[in-house]
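Chain and residue survey
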Amino acid sequence: MAPEEASTATTGGPRRRRVLVFPIPYQGHINPMFQVAGLLQDRGFAVTVFHTHFNAPDPSRHPAYDFVPVPDGLPAGSPGTVAATVEHIFAINGSCEAPFRERLAALLEAPGGRDEVACLVADAHLLTLMDVARQQGVPTLALRTGSAACFRNFMATPMLCDKGYLPVSAESQLDAPVRELPPYRVRDLMAVTSSRHEHDLVCKLLARAVEAVSTSAGFILNTFDALEADDLAATRRDLAGVPVFEVGPLHKISPASSSSLLPQDRSCLDWLDAQAPASVLYISFGSLASMSGEDLAEAAWGVANSRQPFLWALRPGLARGAALPDGFGAETEGRGLVVGWAPQEEVLAHGAVGGFWTHGGWNSALEGACGGVPMLCRPCFGDQMGNARYVEHVWRAGIALDGGVLERGAVERAVRRLMRSEEGEEMRGRARELGSRAAEAIAEGGSSRHSVDKLVNHIMSLWK
Ligand SMILES: O=c1ccn([C@@H]2O[C@H](COP(=O)(O)OP(=O)(O)O[C@H]3O[C@H](CO)[C@@H](O)[C@H](O)[C@H]3O)[C@@H](O)[C@H]2O)c(=O)[nH]1
């Protein structure tokens, strides 16, 4: 069946086709899920968003979708540590299982409900909820919001444990190369943790995500062929039988805007309008990462001492209550702006932004690359170390500031190198090249457009 073709029900009338989506409720996961929903809606699907109460999206910002809240019984506030985040993900799966089962059954049993529903697209961290959908006859597709390289790291983790790379028992192991997953070093792996307990939790999380993908009818990735050709080929080989759809960069290809959980301070765009081209360092550490008060002070003084204009999206809670150091505002007056939360995609696409200091979340890395902006990466946890490694060593479009405590002199030198050196200019050139490759991927006839067509055809084939 052609993707755009309306099907006809046995009653003779046109039958509406519907996809269900269920994001895991973190900003870096909600945005790509809404972008996938927007792509599918654009291709004729009605969309129902199942969501937790925790970090619930605002339905009034997406009037075209139906929303089904699923009680989760979880307290408000972000989990602060790796172990707490993983336990939070397990808790979401557990507490949403019964209410999701009930609400999905109600939707399927409503008049025409079962006829309409083609599939559930769920975050790959929601295995329990995907099982619930499959038990009710709804095929599932898994969305992974990280890179293809990161998912290879997920799949390889049991083998890396068998080979003795993990768990790490001595600091000296961290810089050893992982021969089976170049260019990673041990410190770049997902399951490098600070305790045996955390190691076991992370290994369980990764194994569940791999199971969610390998038992699904399809796998959606926010990446594009020219960016990760080898990792995508290896993922396809290792996942034999599960179709893989690389449809990114989603923030560029999807007609849907992202779904910001925090109010964005748009005044920073006016401030950027008044700055010289490629002069501003944009700083943001995403929605989940945290840093100590000491690191925040070192970061601030490093930026101040570099004398580079900057825009800092300093999320409330980033440094658990610690504020910018005294004297920082006076020292940087006239060349810096601090906001709580920025319209990041627009900021990174703004001509005044010449560099991006990021924690290396995958959305940020993609948004930086698409904006043609070189990056300074200070990874905190999870996939961020691997992303920083790729930015520096594979894309050669940035500098990784990883390992150890942050030190103001190192920050100052890295900012100067990124923003005002010949080497930084070369990184900017390579970032712009990546931006051009991304633009080709999403253009008519491009690899990601083609992947979207295949995804739509595949979902239509699941629609009975
Ligand atoms: O001031 C800001 C800061 C961020 N963002 C947006 O928030 C998202 C942040 O996503 P990301 O950069 O991926 O970071 P996290 O929020 O930390 O995302 C989590 O999810 C990602 C995708 O799975 C992982 O790569 C990260 O490691 C994980 O922490 C991006 O779309 C940004 O555009 C804003 O809109 N305004």
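Under an unreviewed UniProt entry, the name given to the protein chain is Cytokinin-N-glucosyltransferase 2, and the source organism is Aegilops tauschii subsp. strangulata. If you open the UniProt record of the protein chain and go to Sequence similarities (unreviewed entry), you find "Belongs to the UDP-glycosyltransferase family."

Hydrogen bonds between backbone atoms are what pair the strands of a sheet, whose relative direction is either parallel or antiparallel. Taken in spatial order, the seven strands make up an open sheet running β5-β4-β3-β6-β7-β8-β9, and their pairing is parallel. One side of each edge strand has no neighbouring strand; the edge strands of this open sheet are β5 (66-70) and β9 (244-246). Taken pair by pair, the neighbouring strands of this sheet meet at an average axis angle of 20°, ignoring direction. Alignment of strand β7 (residues 140-144) against strand β8 (residues 219-221), held across three bridges, turns out to be parallel. Within β8, the position partnered with A142 by the bridge is F219. The sheet contacts of helix α1 (residues 27-42) involve β3 (18-22), β4 (46-52), β5, β6 (117-123), β7 and β8, and relative to β6 the element is tilted by about 160°. Taken strand by strand, helix α2 (residues 82-109) contacts β3, β4, β5 and β6, and its axis lies near 145° from that of β4.

Another aspect to go through is the pairing of strand β11 (residues 310-313). Side chains of β11 alternate between two faces, with F310 and W312 and L311 and A313 buried alike. Taken together, the four bridges between strand β10 (residues 280-284) and β11 define a ladder with parallel strand orientation. The residue of β11 that forms the bridge with S284 is A313. Once the chain exits β10 it traverses helix α10 (residues 293-306) before rejoining the sheet at β11, and the crossover so formed is right-handed. The pairing of β11 with strand β12 (residues 336-339) spans four bridges and is parallel.

Another aspect to go through is the packing of helix α4 (residues 127-135) against helix α6 (residues 196-214). At a closest axis distance of 9 Å, the pairing of α4 and α6 adopts a crossing angle of 30°. Judged on the interaxial angle alone, α6 and α4 are roughly parallel. Here α4 runs over α6; the crossing is left-handed. Taken together, the residues of α6 that come into contact with α4 (itself represented by L127, T128, M130 and R134) are R208, E211 and A212. Broken down by class, the residue content of the contact of α4 with α6 amounts to three nonpolar, one polar and three charged.

Our next topic: the packing of aromatic side chains. The geometry of an aromatic ring pair is captured by two quantities: the separation of the ring centres and the angle between the planes. With the rule as written, the count across this model stands at 15 aromatic pairs. Summarising the aromatic geometry, the rings of F50 and F100 are spaced 5.0 Å apart at their centres and angled 90° between planes, so their arrangement reads as edge-to-face. Here F50, found in strand β4, pairs with F100, found in helix α2; they are 50 residues apart in sequence, far enough to count as distant. The same class applies to F50 and to F100, which are both buried. Grouped by ring-pair contacts, the aromatic residues W301, F310, W312 and F328 constitute a single cluster.

In this section: α10. With 14 residues, α10 extends 20 Å between its outermost C-alpha atoms, agreeing within 8% with the 20 Å of an ideal straight helix rising 1.5 Å per residue. Most of α10 is tucked away: 11 of the 14 residues are buried. All of the buried residues along α10 are D295, L296, A297, E298, A299, A300, W301, G302, V303, A304 and S306. In the core, the buried residues of α10 are packed alongside β10, β11, α11 (328-331), β13 (353-358) and α15 (408-420).

T145, S287, A342, S364 and D383 are the nearest of the 24 residues found near the ligand. Within the contact set of the ligand, a nitrogen atom lies 2.6 Å away from a backbone nitrogen or oxygen of A342. Protein contact buries 97% of the 690 Å² of open area that the ligand shows by itself. Those elements that provide at least two residues to the shell around the ligand are α1, β10 and α13 (362-370). Residue-level mapping places the shell around the ligand at the junction of two domains, with at least three residues from each of domain 1 (7-259 + 444-462) and domain 2 (267-440).

On to unusual backbone geometry. The linkage connecting P182 with the following residue, P183, adopts the cis geometry, with an omega of 5°. Inspection of the secondary structure puts P183 in the loop between α5 (148-162) and α6. With omega at -5°, the peptide bond leading from G248 into P249 counts as cis. The residue P249 is located in the loop between β9 and α8 (250-253) in this model. Positive phi is not limited to glycine here, since A278 has a value of about 55°. Assignment of secondary structure puts A278 in the loop between α9 (267-273) and β10. A278 gets classed as partly exposed once you look at its relative accessible area, which sits at 23%. Positive phi is not limited to glycine here, since R396 has a value of about 50°. Taking relative accessible area as the criterion, R396 reaches 45% and is therefore assigned partly exposed.

Taken domain by domain, the protein chain comprises domain 1 (7-259 + 444-462) and domain 2 (267-440). Between domain 1 and domain 2, the residue contacts involve 32 residues of the former and 27 residues of the latter. When the buried surface of domain 1 facing domain 2 is broken down by residue, P183, L227 and H251 rank first, second and third, together holding 22% of it. At the boundary of domain 1 and domain 2, one finds two salt bridges. For R185, the salt bridge goes to D402, with nearest N and O atoms at 2.9 Å. There are five residue pairs in polar contact (both at pLDDT 80 or more) connecting domain 1 and domain 2.

Glancing now at the pattern of salt bridges. Under the criterion given, the structure shown has 25 salt bridges. Here E116 and R18 are joined by a salt bridge, their closest N and O atoms 2.7 Å apart. Within this pair, whereas E116 is found in helix α3 (residues 113-116), its partner R18 is found in strand β3, the two being separated by 98 residues in sequence. Residue R103 is joined to E102 by a salt bridge in which the shortest nitrogen-to-oxygen separation is 3.7 Å. Accessibility expressed as a relative area gives 27% for R103, which makes it partly exposed. Given the relative accessible area of 55%, E102 is considered exposed. What emerges from the salt-bridge pattern is a single network uniting R16, R18, D66 and E116.

Conventions and cut-offs
- Residues numbered from 1 in each chain as written.
- Predicted model: local features only at pLDDT ≥ 70, side-chain atom pairs only at ≥ 80, totals over all residues.
- Heavy atoms only, no water.
- UniProt positions renumbered as here; feature names shortened; annotations may be inferred.
- Pairing = 2+ DSSP bridges.
- Helix = DSSP H or I, 4+ residues; strand = E, 2+ residues; numbered from the N terminus.
- Axes fitted to C-alpha atoms, helices over the stretch in contact; angles between N-to-C directions.
- Contact = heavy atoms within 4.5 Å.
- Buried < 20%, exposed > 50% of the residue type's maximum accessible area, 1.4 Å probe, protein only.
- Right-handed = clockwise from strand over helix to strand, strands pointing away.
- Parallel < 35°, antiparallel > 145°, perpendicular 65-115°, else oblique.
- Left-handed = near helix turned anticlockwise from the far one by under 90°.
- Nonpolar A, V, L, I, M, F, W, Y, C, P; charged D, E, K, R; others polar.
- Phe/Tyr/Trp six-rings, centres within 6.5 Å; stacked < 30°, edge-to-face > 60°.
- Expected span 1.5 Å × (residues − 1).
- Near = heavy atom within 4 Å.
- Polar contact = N/O pair within 3.5 Å; in protein donor to acceptor, adjacent residues only side chain to side chain.
- Areas by Shrake-Rupley, 256 points an atom, 1.4 Å probe, with all protein chains shown as cover.
- Domains from an automatic or database assignment.
- Buried area = accessible area lost by both parts, 1.4 Å probe.
- Salt bridge = Lys/Arg side-chain N within 4 Å of Asp/Glu carboxyl O.

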